[in-house]
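Read off the chains here:
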Amino acid sequence: MSLVKSFSRIMGRVAPLHLAEKWDNVGLILEAPHVRADAKRILLTIDLTPAVVDEALSTPTSLIVSYHPPIFKPLASLTLASPLQASLLRCAAAGISVYTPHTALDSVTDGLNDWLCTKVAGPLRDINWSARFIGQAFPDGLGGVGRVVTLKQPMELKMLQFNIRTELELKHIQVAYAKPEQEKTLVSTIAICAGSGGSMLLGVDADVYFTGEMSHHEVLAAVQSGHNVILCGHTNTERGFLPWLAKDIEEFIQEDIEQPTDPAEAELLKGLEIVVSERDMHPLVTIDA
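Below you will find a few notes about this structure. (Residues numbered from 1 in each chain as written. Predicted model: local features only at pLDDT ≥ 70, side-chain atom pairs only at ≥ 80, totals over all residues. Heavy atoms only, no water.)

## Topic: the overall build of the chain
Check the secondary structure of the chain and you find ten helices and eleven strands. Taking 19 Å as the expected radius of gyration for a compact globule of 289 residues, we find that the chain reaches 20 Å, a close match to that expectation. Projected onto the principal axes, the alpha-carbon positions of the chain cover approximately 60 × 45 × 30 Å. Counting only residues that meet the buried cut, the chain has 49% of its 289 residues in that class. Put simply, 66% of the contacts in the chain that link residues at least 6 apart link residues at least 24 apart. Considering the chain, the positive charge centre built from 23 side chains and the negative charge centre built from 35 side chains are found 2 Å apart. (Helix = DSSP H or I, 4+ residues; strand = E, 2+ residues; numbered from the N terminus. Rg over C-alpha atoms; globule rule 2.2 N^0.38 Å. Buried < 20%, exposed > 50% of the residue type's maximum accessible area, 1.4 Å probe, protein only. Contact = heavy atoms within 4.5 Å. Lys, Arg positive; Asp, Glu negative; His and termini not counted. Charge placed at Lys NZ, Arg CZ, Asp CG, Glu CD.)

## Focus on the pattern of salt bridges
Tallied over the entire structure, the rule returns eleven salt bridges. A salt bridge links K5 to E31; the nearest nitrogen and oxygen atoms lie 3.9 Å apart. Here E31 lies in the loop between β1 (27-30) and β2 (41-45) and K5 lies in helix α1 (residues 3-14), a separation of 26 residues in the sequence. Judged by relative accessible area, E31 falls into the partly exposed class, the value being 44%. (Salt bridge = Lys/Arg side-chain N within 4 Å of Asp/Glu carboxyl O.)

## Here's the deal with the nonpolar core
Of all hydrophobic cores here, the largest spans 50 residues; its most connected members are F7, L44, L160, I190, F210 and I249. The leading source of residues in this core is α1, at six residues. Apart from the residues within four sequence positions on either side, F210 is in contact with L116, V120, I164, L168, I190, A191, I192, C193, L201, I230, C232 and T237. (Core = buried A, V, L, I, M, F, W, Y, C linked by side-chain atoms within 4.5 Å.)

## Examining the side chain of T45
Within the element layout of this structure, T45 appears in strand β2. Residue contacts for T45: discarding those within four places in its chain leaves V52, I64, V65, S66, Y67, L242, S277 and D280.

## Regarding the sheet that holds strand β9 (residues 208-213)
Sheet architecture is open: six strands sit in the order β5-β6-β8-β9-β10-β7, paired in mixed fashion. Taken across any chain shown, the strands that pair with only one partner, and hence form the sheet edges, are β5 (129-132) and β7 (174-176). Adjacent strand axes in the sheet meet at a mean angle of 25 degrees, parallel and antiparallel pairs treated alike. For β7 and strand β10 (residues 228-231), the ladder comprises three bridges, and the chain directions are antiparallel. In the strand pairing of β10, Q174 is matched with L231. Lying over the sheet, helix α6 (residues 157-167) contacts β6 (147-156), β7, β8 (186-196), β9 and β10, oriented at roughly 125 degrees with respect to β6. (Pairing = 2+ DSSP bridges. Axes fitted to C-alpha atoms, helices over the stretch in contact; angles between N-to-C directions.)

## So, the packing of helix α2 (residues 50-57) against helix α3 (residues 83-94)
As a packed pair, α2 and α3 sit with axes 10 Å apart at the nearest point and diverge in direction by 10 degrees. It follows from the interaxial angle that α2 and α3 lie roughly parallel. Contacts between α2 and α3 pair P50, V53, D54 and L57 from the former with S87, R90, C91 and A94 from the latter. Class assignment of the residues belonging to the contact of α2 with α3 gives a composition of five nonpolar, one polar and two charged. (Parallel < 35°, antiparallel > 145°, perpendicular 65-115°, else oblique. Nonpolar A, V, L, I, M, F, W, Y, C, P; charged D, E, K, R; others polar.)

## Structural notes on the sheet that holds strand β11 (residues 273-276)
Taking strand neighbours across the sheet as the criterion, the five strands line up as β1-β4-β3-β2-β11 in an open arrangement whose pairing is mixed. With partners counted over all chains shown, the strands left at the sheet margins are β1 and β11, one partner each. In this sheet, neighbouring strand axes are inclined to one another by 30 degrees on average, regardless of whether the strands run parallel or antiparallel. As paired strands, β2 and β11 are joined by four bridges and run parallel to one another. Opposite L43, over in β11, you have V275 as the bridge partner. Packed on one face of the sheet, α1 meets β1, β2, β3 (61-66), β4 (97-100) and β11 and runs near 30 degrees to β3. Where helix α9 (residues 242-258) meets the sheet, its contacts fall on β2 and β11, and the angle it forms with β11 comes to roughly 170 degrees.

Set out below in structure tokens:
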């Protein structure tokens, strides 16, 4: 078995692909035709940008885990004219494969959406709050779509804003208030979705919708139906999870090495270095007056 296949199997345990949304494109997106020599680094990123590819090429990287799928819709061609396609071609030529977990990682227990829950009111499993899925849990008990946090004691919206901005290490967030009390409004339930949450959150019974981005009309619909909205920027709700993902991957790899079901496969995983990209970043900056 190749390193790419062995690592893909590890990722399938971290975020089982059957948990992904039906519309999503997850799994091994690009399998390079040859293995890059002496490359034992796995690079984690939110997006596969030219800067991230440059970083991978300048380091001993064998595989990139790109949270967002670099191929989402069917491609009619692969050419250097498209920056994204050029990035994929450069990876393939260099022997670098690309894997995407996306919404499987959102929904799995202790995945991205559970991590966002901890940014609302305290550390995971804190006694001051509980969380449930939006809708039903998956039959296998591995997770569910979205989250709704219920605080055991209501807090002012101002404090929730502070918690989220501080925990995500952001200078700015956007807030839409549903009541005249604005930031003094008491809230006890927060519906959460990483990334772009408008389609998932609208209609959910919660005091606050917390996500990365929503369209103008989705925000209006939310506020007019009595729901406050907190937006942090699409990838700002995702990028901070990458160090946690790195730790999860390392733990699964170590488990496979210590208790191998396939000794040859475990040998391939030895010495892998899981690294968060330094070149991956939110594409927008806020300009203060």
